[in-house]
There are 2 protein chains.
Amino acid sequence: MKHVVIVGGGFAGINAAKELGNKRDVRITLIDRKNYHLFQPLLYQVAMSALGAGDVAEPLRNMLAKYRNITVFKGAVENVDTQRKTVQTDFGELSYDYLILACGVKHHYFGNEQWEEHAPGLKIIAQATEIRRRVMEAYEAAERTTDSVERKKHLTFVIVGGGPTGVELAGSIGEMSRFTLSKYYKHIDPKLTRIFIVEAAPRILGSFSPVLASKATRALEKLGVQVWTSSMVTNVDANGVQIGNERIEAATVLWAAGVRAVGLGRKMDVEIDSSGRIIVAEDLSIPDHPEIFVGGDQAHFAHHTDQPLPGMAPVALQQGHSIGKNILNELRGRPRKPFRYREKGQMATIGRNKAIVEIGNLKFFGSFAWLTWLLVHIYYLTTFKHRVFVLLQWGWSYFMFGHGARLIVNKEWRFYPDKKRSCIEEER
Amino acid sequence: MKHVVIVGGGFAGINAAKELGNKRDVRITLIDRKNYHLFQPLLYQVAMSALGAGDVAEPLRNMLAKYRNITVFKGAVENVDTQRKTVQTDFGELSYDYLILACGVKHHYFGNEQWEEHAPGLKIIAQATEIRRRVMEAYEAAERTTDSVERKKHLTFVIVGGGPTGVELAGSIGEMSRFTLSKYYKHIDPKLTRIFIVEAAPRILGSFSPVLASKATRALEKLGVQVWTSSMVTNVDANGVQIGNERIEAATVLWAAGVRAVGLGRKMDVEIDSSGRIIVAEDLSIPDHPEIFVGGDQAHFAHHTDQPLPGMAPVALQQGHSIGKNILNELRGRPRKPFRYREKGQMATIGRNKAIVEIGNLKFFGSFAWLTWLLVHIYYLTTFKHRVFVLLQWGWSYFMFGHGARLIVNKEWRFYPDKKRSCIEEER
């Protein structure tokens, strides 16, 4: 009986586990710091109050309950001993025959980690809740204050980074301020909300074609979002951001700029790229360690293409399947197959009913693209229950022009100072 | 134009506001620490993962948006100057012509406030999330450990207090451990979960008739809950509870015992009872201060009945309406009317499809009572959207025998040490 240890229950980890589930001669242990699998592409909607946490996350135990040979542990992997073939966790040591690393990435502040306090990123549910809290608290503070300069600061939102997440966050705030919130405040006009995307590159949405990026920019402008390109953030503090000689006073700054692989790769004696991703062979294993595979955002896979594959759900999902199948191949005496990515395209929404979609040479924009985006996301949602409830929530909001419950759940639990578990995806 | 200040957006506050909304010659300012109105009777279902936070809470702004003369502020009232007729808040001073206090109650540890850390109560959403986290973390820890005594401790839950909330929490944990969780864990048998209700009085559900309390006790036993009556908790620590000479080792202790009115009443020069509730006249105003009304759990109303009215949703709701109407009466030159409570009965569920209902002399138990409970709660839910989504969630869980997403959202947001706002309902 071979033992496969999977670290991380994201798209790569969960799909590798499913391939190996209920197969003979193999048992699997999946370890994750969180107790849930997250449908990351819709997490920004939790941050923007459009969906609840339960709509985009599913407990790993529920997803894997039907597989007799899979054990799930909520815990943290601290190191890997590649010689003795063991992983060190915060609840003891586990030995493995095969190891699958699928720990993902975390936000990266380019050496200015102190900015995180003022500009949270969006990777896990607790961060989405925190972003929601900050955005809604800003409107509450604007409503309370009588100082007009103070009020302007509270009604200013800066999103650092013009990739899909930055665009989706900015578009949602634009949408919300222009159409949803107006009727709820008596002292302020939410339509005066200033929203900025600050992007270091010469244009936003660098992974998309220039024509779609340009369309997205125009759509954002119509929602009141100003796009600043070629703008490198040089400082972030409690009151705003500095961009070289320019400065924006803002109570709320959100970070959607860089990511970096979690630290486990750096602790191991393996080759990594500048982002900490582990460089993998064609079958997603680590050179010299054929028993260790890496999948998802943590893997640097640069075969068949000029650039390494991007950190996207479809890549991670396909890699997970491929790793699972290759382990089975080997157990059954068959040769491993090299991984090949089947292109699924990429897409992003802007506001309520616009999107950009790019699949190979096929590019489209607008309402039809938005419908495509909607159907694809519903189709890929984790469970049937999620599909039903997300569709209902969206239908409701669409026709009511409302967002979901904009609840502020305070972040501090004053009386419980136990710091053992943090909600941040820490260095592994 | 008279100015009415309402402190607290619970059942009493919100219904007083609605009575005064869009009426001429009056403007209203409603202040709450939270930005939402909470449907408290279903909060235990959020703690038990059966519903999401958005299903039982609605932003106050949404509820009151249609009233032109109502302003909502998220903030805290720190004191009241009854001579100058002003309230001191954390965002400045407001003067009032009429003041409505509807601040509710908070948990009370009978002089042992240090127990709160080990035994959280259930009054606001952040507490429900914390209880959910503790319950689910206990199962995760039990699954990880190899020490059988340690495991037993993790699988032990003590609920202090045998009122409706305690019974509903215990029943839910019983239900979940016996029917839902079994298939999700590989190393433990969740059916071995030990659940205790520890009640100081000679029986649980003291406000119900003895025959219904006895039926409830039997129903709880069938779900694996042991009811300890005449049992006074003498200490609570990180590892369990002490009851005189007896001790239960438990990783999770929940508090559903005493409540006490928030502190504002104690700061003011008014007559309060031993629980800090403000003693009110027949029209719910404070003797000597006809311009100040008190409603809901914060009011001690002891006219027409032997005992003061209990802290229940129907009482608060009716009091809110009565206060609003009496202020209007006075503005229009009509006399005030004394408040009379129209008996709505009381009910509690036990597990999946049992309940007890008592309305005057009408008492019933079992599935029909449960259906009554269900219909009443759906009917009273705050918005039509909540009704639809709660019914859908319940239907899904009922037929799938599952609970909702049992997500653990970690409580600590390590990088954001701002302690200004706490999620606990503090002394007002």
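Cut-offs used in this document
- Residues numbered from 1 in each chain as written.
- Chains lettered and ligands numbered in written order.
- Predicted model: local features only at pLDDT ≥ 70, side-chain atom pairs only at ≥ 80, totals over all residues.
- Heavy atoms only, no water.
- Helix = DSSP H or I, 4+ residues; strand = E, 2+ residues; numbered from the N terminus.
- Rg over C-alpha atoms; globule rule 2.2 N^0.38 Å.
- Contact = heavy atoms within 4.5 Å.
- Areas by Shrake-Rupley, 256 points an atom, 1.4 Å probe, with all protein chains shown as cover.
- Lys, Arg positive; Asp, Glu negative; His and termini not counted.
- Charge placed at Lys NZ, Arg CZ, Asp CG, Glu CD.
- Pairing = 2+ DSSP bridges.
- Axes fitted to C-alpha atoms, helices over the stretch in contact; angles between N-to-C directions.
- Expected span 1.5 Å × (residues − 1).
- Buried < 20%, exposed > 50% of the residue type's maximum accessible area, 1.4 Å probe, protein only.
- Left-handed = near helix turned anticlockwise from the far one by under 90°.
- Nonpolar A, V, L, I, M, F, W, Y, C, P; charged D, E, K, R; others polar.
- Phe/Tyr/Trp six-rings, centres within 6.5 Å; stacked < 30°, edge-to-face > 60°.
- Lys NZ or Arg CZ within 6 Å of the ring centre and 35° of its normal.
- Patch = residues over 30% accessible without salt bridge, like charges linked within 9 Å, V, L, I, M, F, W, Y side chains within 5 Å.
- Salt bridge = Lys/Arg side-chain N within 4 Å of Asp/Glu carboxyl O.
- Right-handed = clockwise from strand over helix to strand, strands pointing away.
- pLDDT = per-residue confidence, 0-100.

Asks: Just checking my understanding: could you explain the overall build of chain A for this structure?
Replies: Counting its regular elements, chain A contains 12 helices and 25 strands. Computed over its C-alpha atoms, the radius of gyration of chain A comes to 22 Å, within 12% of the 22 Å expected for a compact globule of 428 residues. A principal-axis box enclosing the C-alpha atoms of chain A has dimensions of 70 × 55 × 45 Å. In chain A, of all internal contacts separated by at least 6 residues, the share reaching a separation of at least 24 is 66%. Put simply, chain A shows about 16700 Å² of open surface, and 52% of that area lies on carbon and sulfur atoms. Between the centroid of the 56 positive side chains of chain A and the centroid of its 44 negative side chains there is a distance of 7 Å.

Asks: How do you make sense of the environment of A369 of chain B when you look at a structure like this?
Replies: Residue and element names in this part refer to chain B. Considering the arrangement of structural elements, one finds A369 in helix α11 (residues 367-380). Counting along the chain gives 12 residues from A369 to V357, while the straight-line C-alpha distance between them is 5.8 Å. What A369 contacts, discounting residues up to four positions off in sequence, is A355, I356, V357 and F364.

Asks: Even after reading the chapter, I still don't get the sheet that holds strand β17 (residues 252-255) of chain B, so can you show me in this structure?
Replies: Backbone hydrogen bonds are what pair the strands of a sheet, in a parallel or an antiparallel way. Residue and element names in this part refer to chain B. Strand order in the open sheet made by the four strands is β13-β12-β11-β17, with parallel pairing throughout. The open sheet terminates on both sides in strands that have one partner only, identified here as β13 (225-228) and β17. Averaged over all neighbouring strand pairs, the angle between strand axes comes to 20 degrees, with direction disregarded. Relative to β13, strand β12 (residues 194-198) runs parallel, the two being bridged by four bridges. The partner of V198 across the bridge, within β13, is W228.

Asks: So what exactly am I meant to see when it comes to helix α5 (residues 125-144) of chain A here?
Replies: Residues separated by three or four positions in an α-helix point in the same direction, a consequence of the helix having 3.6 residues per turn. Here α5 of chain A is 20 residues long and its end C-alpha atoms lie 28 Å apart, about the 28 Å a rise of 1.5 Å per residue gives. Along α5 of chain A, 19 of the 20 residues are buried, which leaves the element largely enclosed by surrounding structure.

Asks: Sorry if this is basic, but what is going on with the packing of helix α1 (residues 11-20) of chain A against helix α10 (residues 313-331) of chain A here?
Replies: Each pair of packed helices gets described by two things: the angle between the helix axes and the distance between those axes. Residue and element names in this part refer to chain A. At a minimum axis separation of 7 Å, α1 and α10 run at an interaxial angle of 30 degrees. In this structure, the crossing between α1 and α10 has a hand that is right-handed. Contacts between α1 and α10 involve F11, A12, N15, A16, E19 and L20 from the former and A313, A316, L317, G320, H321, G324, K325, I327 and L328 from the latter. Grouping the constituent residues of the contact of α1 with α10 by class yields nine nonpolar, four polar and two charged.

Asks: What should I look at first to understand the packing of aromatic side chains in this one?
Replies: Each aromatic ring pair is described using two quantities: the centre-to-centre distance and the angle formed by the ring planes. All names here are of chain A. If you walk through the whole model with that rule in mind, you get 30 aromatic pairs over all chains. Taking 5.3 Å as the distance between ring centres and 80 degrees as the angle between the ring planes, the aromatic pair formed by F196 and W228 counts as edge-to-face. Of this pair, F196 sits in strand β12 (residues 194-198) while W228 is found in strand β13 (residues 225-228), placing the two residues 32 residues apart along the sequence. With relative accessibility at 7%, the residue F196 sits in the buried group. Residue W228 is classed as buried on the basis of its relative accessible area of 17%. Aromatic ring contacts, followed pair by pair, group Y109, F110, W115 and W255 into a single cluster. Over the face of the ring belonging to Y36 we find K34, whose NZ or CZ atom lies 5.8 Å from the ring centre.

Asks: Whenever I open this one, unusual backbone geometry confuses me. Can you help?
Replies: Backbone geometry follows two general trends: most residues other than glycine have a negative phi, and most peptide bonds adopt the trans configuration. Phi angles above zero are rare outside glycine, and H304 of chain A is one such case at about 65 degrees. Looking at the secondary structure, you find H304 of chain A in the loop between β22 (299-300) and α10.

Asks: Where do I start with the side chain of H154 of chain B in this structure?
Replies: Relative to the helices and strands, H154 of chain B resides in helix α6 (residues 148-154). Aside from chain neighbours lying at most four places away, what touches H154 of chain B is A138, A141, A142 and A251 of chain B.

Asks: What is the right way to look at the environment of L212 of chain A in this model?
Replies: Residue and element names in this part refer to chain A. Inspection of the secondary structure puts L212 in helix α8 (residues 210-222). Look at L212 and you get buried, because its relative accessible area is 3%. Separated by 144 residues in the primary sequence, L212 and I356 have C-alpha atoms spaced 6.4 Å apart. The residues touching L212, leaving out its near neighbours within four places in the chain, are I356, V357, E358, K363, F364 and F365.

Asks: Before we go on, may I ask you to explain the sheet that holds strand β20 (residues 285-286) of chain A in this structure?
Replies: Residue and element names in this part refer to chain A. Read from one edge to the other, the open sheet built from six strands follows the order β5-β2-β1-β9-β21-β20, with strand pairing classed as mixed. Looking at the sheet topology across the chains shown, the edges are occupied by β5 (70-74) and β20. Alignment of β20 against strand β21 (residues 289-294), held across two bridges, turns out to be antiparallel. Bridge assignment links S285 to a residue of β21, and that residue is F293.

Asks: Got a minute to help me understand a nonpolar patch on the surface in this structure?
Replies: A cluster of nonpolar residues, F368, L371 and L375 of chain A, forms a patch on the protein surface that exposes about 320 Å² of accessible area. Position of L375 of chain A among the secondary structure elements: in helix α11 (residues 367-380).

Asks: When you look at the pairing of strand β1 (residues 2-7) of chain A in this model, what are you seeing that I'm missing?
Replies: The side chains of a regular strand alternate between both faces of the sheet. Residue and element names in this part refer to chain A. Burial analysis of β1 places five of its six residues in the buried class, which makes it a mostly covered element. As paired strands, β1 and strand β2 (residues 26-32) are joined by six bridges and run parallel to one another. Directly across from V4, in β2, lies its bridge partner I28. Regarding the hand of the β-α-β motif, the stretch spanning β1, α1 and β2 is right-handed. Where β1 and strand β9 (residues 98-101) come together, four bridges link them in parallel fashion.

Asks: Can you help me understand the confidence of the model for chain A in this one?
Replies: Do not read the predicted coordinates in detail wherever pLDDT is low. Residues and elements named next belong to chain A. Summary statistics for chain A give a mean pLDDT of 90 and a share of 94% for residues scoring 70 or more. Contacts for the low-pLDDT stretch residues 411-428, under 50 throughout, to residues beyond four places or in other chains number 81 contacts. Scored as a whole, the predicted complex attains pTM 0.89, and scored at its interfaces, ipTM 0.84.

Asks: Would you explain the side chain of E291 of chain A in this entry?
Replies: All names here are of chain A. Here E291 shows up in strand β21. K85 is the oppositely charged side chain nearest to the buried, salt-bridge-free E291, at an N-O distance of 4.5 Å. Residue contacts for E291: discarding those within four places in its chain leaves T82, K85, Y96, D97, Y98, L99 and R336.

Asks: How should helix α7 (residues 164-180) of chain A be read in this particular structure?
Replies: With 17 residues, α7 of chain A ought to run about 24 Å at 1.5 Å a step, and its terminal C-alpha atoms sit 22 Å apart, in line with that. The buried count for α7 of chain A comes to 14 of 17 residues, which makes it a mostly enclosed element.

Asks: I tried to follow the pattern of salt bridges on my own but got confused; where do I start?
Replies: Between side chains of opposite charge, a pair can form as their charged atoms come close. Applying the stated criterion to the full structure yields 32 salt bridges over all chains. Note that R133 of chain A and E130 of chain A form a salt bridge whose closest N and O atoms lie 3.2 Å from each other. Of the two residues, R133 of chain A and E130 of chain A are both situated in helix α5; the distance of three residues between them amounts to about one turn of the helix. Both residues of the pair, R133 of chain A and E130 of chain A, count as buried. Of the charged contacts, one joins E93 of chain B and R84 of chain B as a salt bridge, the two residues approaching to 2.9 Å between their closest N and O atoms. Via salt bridges that share partners, R61 of chain A together with E140 and E143 of chain B belong to a single interconnected network.

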